[in-house]
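Close look at the chain arrangement
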Amino acid sequence: MNIDLSGKIALVTGASRGIGRETAILLAKAGAKVIINFNRSAEKAEEVRKTITDSSGEAELFKADVSQPEEVQKLFDFIKGKYGKLNILVNNAGIIKDNLLLAMELTEWNSVINTNLGGAFLCTRHAAEMMIMNRSGKIISISSIGAIKGGRGQTNYAAAKGGLISFTRACAVEFSGKGIQVNAVLPGMIVTDMSSRVRKRAGDKILEQIPMSRFGEPADVANLIVFLASDNANYITGQAISVDGGLSVS
Ligand code: NAP
């Protein structure tokens, strides 16, 4: 299957590391111009940009904390001013702040909800405004199998990721007549910084639960995102698709 994203403008939030990094690289490889959003990891974001431009791709950096409305506004002002359109939004930025519910501070709850779910709300609202003008667009949000399988110490994360699935379905219906497809991707245990602590602590036990007996690589997830971002996925909307080596069905 040929995936050609030439002429498309794509924004990947949280693209300095992990799944977002790989997604930015693969979108650029398919021909899209990519805006690499990052928050704290400026050097790593620059390395992603260089990786893309060294392979003749096109990419720009934009620092913005997706949980902050004014920063998201600036990010989209930049995109509007420079390109006048946005074809692909990947709501990928995410954090964990695990704690048992009875010990969870309100700040731990709020930061995870505001980044993982609130960030997607803010970015989707801005992106949809631009996409409606073109009567086309793809919005892909990175949820988690943590949304459907309970995880100890992850009430904040599970609520945010479950919310993202519901948000995706509602957006898909709202935008179905406007040429915009909205989907969610649910990674299992993927080899990134985010999962490193739990893989170190309980890696073997988790591997036993994964029917394919291996952790996922960022590219396993990014390949699906790129497909959903392409015209090959024009009839897919409102879906929550797992990429987890079978973990959610075991
Ligand atoms: P990661 O390696 O920890 O990378 C997280 C990315 O999000 C970084 O680029 C980080 O940017 C960015 N980010 C965090 N807070 C941000 C904010 N407020 N504004 C903008 N960017 C922000 O994580 P990952 O594993 O690649 O995770 C990517 C997504 O997949 C997340 O939504 C995560 O919940 C989801 N996911 C991951 C797994 C897994 O096993 N790894 C499983 C299920 C779902 P800076 O470093 O520049 O701040």
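Numbering of residues begins from 1 in every chain and follows the order in which that chain's sequence is written. Selection of residues for local features in this predicted model requires a pLDDT of at least 70, selection of side-chain atom pairs for listing and counting requires 80 or more, and totals for whole chains, interfaces and linings are taken over all residues. Processing note: side-chain calculations cover all non-hydrogen atoms of the structure and skip hydrogens and water entirely.

1. Some remarks on the site of the ligand
Keep this limit in mind: What makes a residue near a molecule or strand is one non-hydrogen atom of that residue sitting within 4 Å of it. Two N or O atoms count as a polar contact when they lie within 3.5 Å, although within protein this holds only if one can serve as hydrogen donor and the other as acceptor, and sequence-adjacent residues are included solely when both atoms are side-chain atoms. Helix numbering and strand numbering both begin at the N terminus, where a helix is a DSSP run of H or I of at least 4 residues and a strand a DSSP run of E of at least 2. Three categories are distinguished: nonpolar for Ala, Val, Leu, Ile, Met, Phe, Trp, Tyr, Cys and Pro, charged for Asp, Glu, Lys and Arg, and polar for the others, with Gly belonging to the last.
Near the ligand you find 32 residues, and of these Ser41, Asp65, Asn92, Tyr157 and Thr192 are the closest. A distance of 2.8 Å is found between an oxygen atom of the ligand and a backbone nitrogen or oxygen belonging to Arg40. Separating a nitrogen atom of the ligand from a side-chain N or O atom of Asp65 is a distance of 2.8 Å. Elements that contribute at least two residues to the shell around the ligand include exactly α1 (18-29), β2 (33-38), α5 (155-174) and α6 (193-209). The dominant element in the shell around the ligand, judged by the number of residues it contributes, is α6, at three residues. Per-class residue counts for the shell around the ligand are 13 nonpolar, 14 polar and five charged.

2. Structural notes on the environment of Ile206
The cut-off we apply is this: Contacts are residue-level and defined by heavy atoms, with any inter-residue pair within 4.5 Å sufficient.
For Ile206, the position within the fold is in helix α6. Distance in space between the C-alpha atoms of Ile206 and Met104 is 24 Å, their sequence separation being 102 residues. Residues in contact with Ile206, not counting those within four places in the same chain, are Met189, Val198 and Phe215.

3. Focus on the environment of Ser166
Structurally, Ser166 is set in helix α5. C-alpha of Ser166 to C-alpha of Gly238: the two residues are 72 residues apart in sequence and 9.0 Å apart in space.

4. Notes on unusual backbone geometry
Phi at Ser56 is positive, roughly 70°, even though this residue is not glycine. Mapped onto the elements of the fold, Ser56 is located in the loop between α2 (42-54) and β3 (58-63). With a phi angle near 55°, Ser213 is a residue other than glycine that sits in the positive phi range. As for its position among the elements, Ser213 is in the loop between α6 and α7 (218-228).

5. Topic: the nonpolar core
What counts, and what does not: For our purposes a nonpolar core is just a set of buried Ala, Val, Leu, Ile, Met, Phe, Trp, Tyr and Cys residues, chained together by side-chain atoms within 4.5 Å. Burial classes follow relative accessibility: with a 1.4 Å probe on protein chains only, a residue under 20% of its type's maximum area counts as buried, one over 50% as exposed, and anything between as partly exposed.
Among the nonpolar cores identified, the biggest contains 34 residues, and Ala24, Leu27, Val34, Ile36, Ile52, Val185 and Ile225 are the most heavily contacted of them. Secondary-structure elements contributing two or more residues to this core are β1 (9-12), α1, β2, α2, β4 (88-91), β5 (137-142) and α7. Setting aside anything within four residues of it in sequence, one finds Val185 in contact with Ile140, Ser141, Ile142, Ser143, Ser144, Val221, Leu224, Ile225, Leu228, Ile241 and Val243. Counting 25 residues, the second largest nonpolar core, distinct from the first, contains Ala64, Ile79, Leu89 and Ala172.

6. Observations concerning helix α3 (residues 69-83)
This is how it is decided: Given the number of residues in a helix, its expected span is that number minus one, multiplied by 1.5 Å.
Taking 1.5 Å per residue, 15 residues should reach 21 Å; α3 reaches 21 Å between its end C-alpha atoms and fits that length. Of the surrounding secondary structure, the elements contacted by the buried residues of α3 are β1, β2, β3 and α4 (106-134). Where α3 terminates, the next one or two residues include Gly84, which has phi positive at roughly 70°.

7. With respect to the packing of α1 against α2
Formally: Note on definitions: angles span 0 to 180 degrees between N-to-C directions of axes, and those axes are lines fitted to C-alpha atoms, for helices only across the stretch in contact. Any angle between 65 and 115 degrees counts as roughly perpendicular, while under 35 counts as roughly parallel, over 145 as roughly antiparallel, and the rest as oblique. What makes a crossing left-handed is the near helix being turned counterclockwise from the far one by less than a right angle; a clockwise turn instead makes it right-handed.
Running from N to C, α1 and α2 cross one another at 20°; their axes reach a closest spacing of 10 Å. With respect to α2, the element α1 is oriented roughly parallel. Helix-helix and strand crossings are classified by hand; for α1 and α2 the assignment is right-handed. In contact with Arg21, Ala24, Ile25 and Ala28 of α1, α2 contributes Glu47, Val48, Thr51 and Ile52. The class makeup of the residues in the contact of α1 with α2 is five nonpolar, one polar and two charged.

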